[in-house]
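Residue-level structure breakdown
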Amino acid sequence: MKLNNRGWGLSAFLGFVVVFLIFLFMAGVNAYKVGLEKDKPKLPVPSIVSKEKYQQLEEKIVVASAKYKNVYYQNLLEGDYVFVNFNTLIRSELLSSSEGCSGYVKISHSEKDNYQYSVYFHCPDYVSSGYNEELDG
């Protein structure tokens, strides 16, 4: 680098920028290796017995949700969806108990007279995939 009366040149400036970017990249790689990135929560894997228990609970909730939809959302338009909380089903006396779990059901009207029920729940030892705590009120 040659210093003249006009200061540093463009090539010297670009060289410093490249060296800085290399150090920044190396710091990012090291931070990733050390584990400074945001960790994803690890979901517990239920045993076979508890899987059956949760499948039975899910079936009860789907039946209760279908009854709830027939009473409160008879005119749900195609492409629309609604979220129904477990507590709402219990207060409506369509579900006796959620067995210590909290969660919600997404009721989607996909085609003519075809509804889809997606159940998402959070239990002490199990969390279903796709569960969003913000939707569980």
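Here's what I pulled together on the structure shown here. (Residues numbered from 1 in each chain as written. Predicted model: local features only at pLDDT ≥ 70, side-chain atom pairs only at ≥ 80, totals over all residues. Heavy atoms only, no water.)

Right, let's get into the pairing of strand β3 (residues 114-123). Pairing analysis gives nine bridges linking strand β2 (residues 102-111) to β3, with the strands arranged antiparallel. Bridge assignment links Ser102 to a residue of β3, and that residue is His122. As consecutive antiparallel partners, β2 and β3 are separated by two residues, and within that stretch Asp113 has a phi angle of approximately 55°, a positive value. Pairing geometry for β3 and strand β4 (residues 126-127), over two bridges, is antiparallel. Following the sheet pairing, His122 is matched in β4 by Val127. Linking β3 back to β4 in an antiparallel pair, the connection comprises two residues. (Pairing = 2+ DSSP bridges. Helix = DSSP H or I, 4+ residues; strand = E, 2+ residues; numbered from the N terminus.)

Inspection of the entire model under this criterion finds one disulfide. The disulfide that involves Cys101 links it to Cys123, with 1.8 Å between the sulfurs. When the S-S torsion is 110°, as for the bridge of Cys101 with Cys123, the disulfide is right-handed. Highlighted residues: Cys101 in the loop between α3 (86-91) and β2 and Cys123 in strand β3, separated in sequence by 22 residues. Residue classification places Cys101 among the buried positions, given a relative accessible area of 7%. Since its relative accessible area comes to 2%, Cys123 is described here as buried. (Disulfide = S-S within 2.5 Å. Buried < 20%, exposed > 50% of the residue type's maximum accessible area, 1.4 Å probe, protein only.)

Before going further, it helps to examine the nonpolar core. Soluble globular proteins tend to pack their nonpolar side chains together in the buried interior. Ranked by size, the top nonpolar core spans 19 residues in total, and within it Ile61, Leu89, Ile107 and Phe121 carry the most contacts. At the level of elements, α2 (48-72), β1 (81-85), α3, β2 and β3 are the ones that each hand at least two residues to this core. In terms of residue count, α2 provides more of this core than any other element does, five residues in total. Those residues within four positions of Ile61 in sequence are excluded, and the remaining contacts are Phe86, Leu89, Leu95, Val105 and Val119. (Core = buried A, V, L, I, M, F, W, Y, C linked by side-chain atoms within 4.5 Å. Contact = heavy atoms within 4.5 Å.)

In this section: the sheet that holds β2. By definition, the strands of a sheet pair up through backbone hydrogen bonds, in either a parallel or an antiparallel sense. Spatially, four strands are ordered β1-β2-β3-β4 in an open sheet, and the strand pairing comes out antiparallel. A single partner strand is all that each edge strand has here, and the edge strands are β1 and β4.

The grouping of Leu10, Phe13, Leu14, Val17, Phe20, Leu21 and Leu24 at the surface amounts to a nonpolar patch, some 710 Å² of accessible area in total. One can find Leu14 in helix α1 (residues 10-34). (Patch = residues over 30% accessible without salt bridge, like charges linked within 9 Å, V, L, I, M, F, W, Y side chains within 5 Å. Areas by Shrake-Rupley, 256 points an atom, 1.4 Å probe, with all protein chains shown as cover. Salt bridge = Lys/Arg side-chain N within 4 Å of Asp/Glu carboxyl O.)

When you line up the elements, Asn85 lands in strand β1. The spacing of Asn85 and Tyr104 is 19 residues in sequence and 4.2 Å in space, taken between C-alpha atoms.

Centre-to-centre distance and the angle between the planes together describe a pair of aromatic rings. Taken as a whole and judged by the stated rule, the model has five aromatic pairs. On the numbers, 4.5 Å between centres and 35° between planes, the contact of Tyr68 with Tyr72 is tilted. Taken as a pair, Tyr68 and Tyr72 lie in helix α2 at a separation of four residues, close to a single helical turn. Classification of Tyr72 by relative accessible area gives exposed; the value is 51%. Pairing Phe83 with Tyr104 gives two aromatic rings, centres 5.7 Å apart and planes at 75°, and the pair type is edge-to-face. Here the residue Phe83 occupies a position in strand β1, and Tyr104 occupies one in strand β2, the gap between them amounting to 21 residues. Taken together, the aromatic side chains of Tyr81, Phe83, Tyr104, Tyr120 and Tyr131 make up a single cluster linked through ring pairs. It is Lys69 that lies over the ring of Tyr115; its NZ or CZ is 3.9 Å from the centre. The residue whose ring lies beneath Lys106 is Tyr81, and the NZ or CZ to ring-centre distance is 4.6 Å. (Phe/Tyr/Trp six-rings, centres within 6.5 Å; stacked < 30°, edge-to-face > 60°. Lys NZ or Arg CZ within 6 Å of the ring centre and 35° of its normal.)

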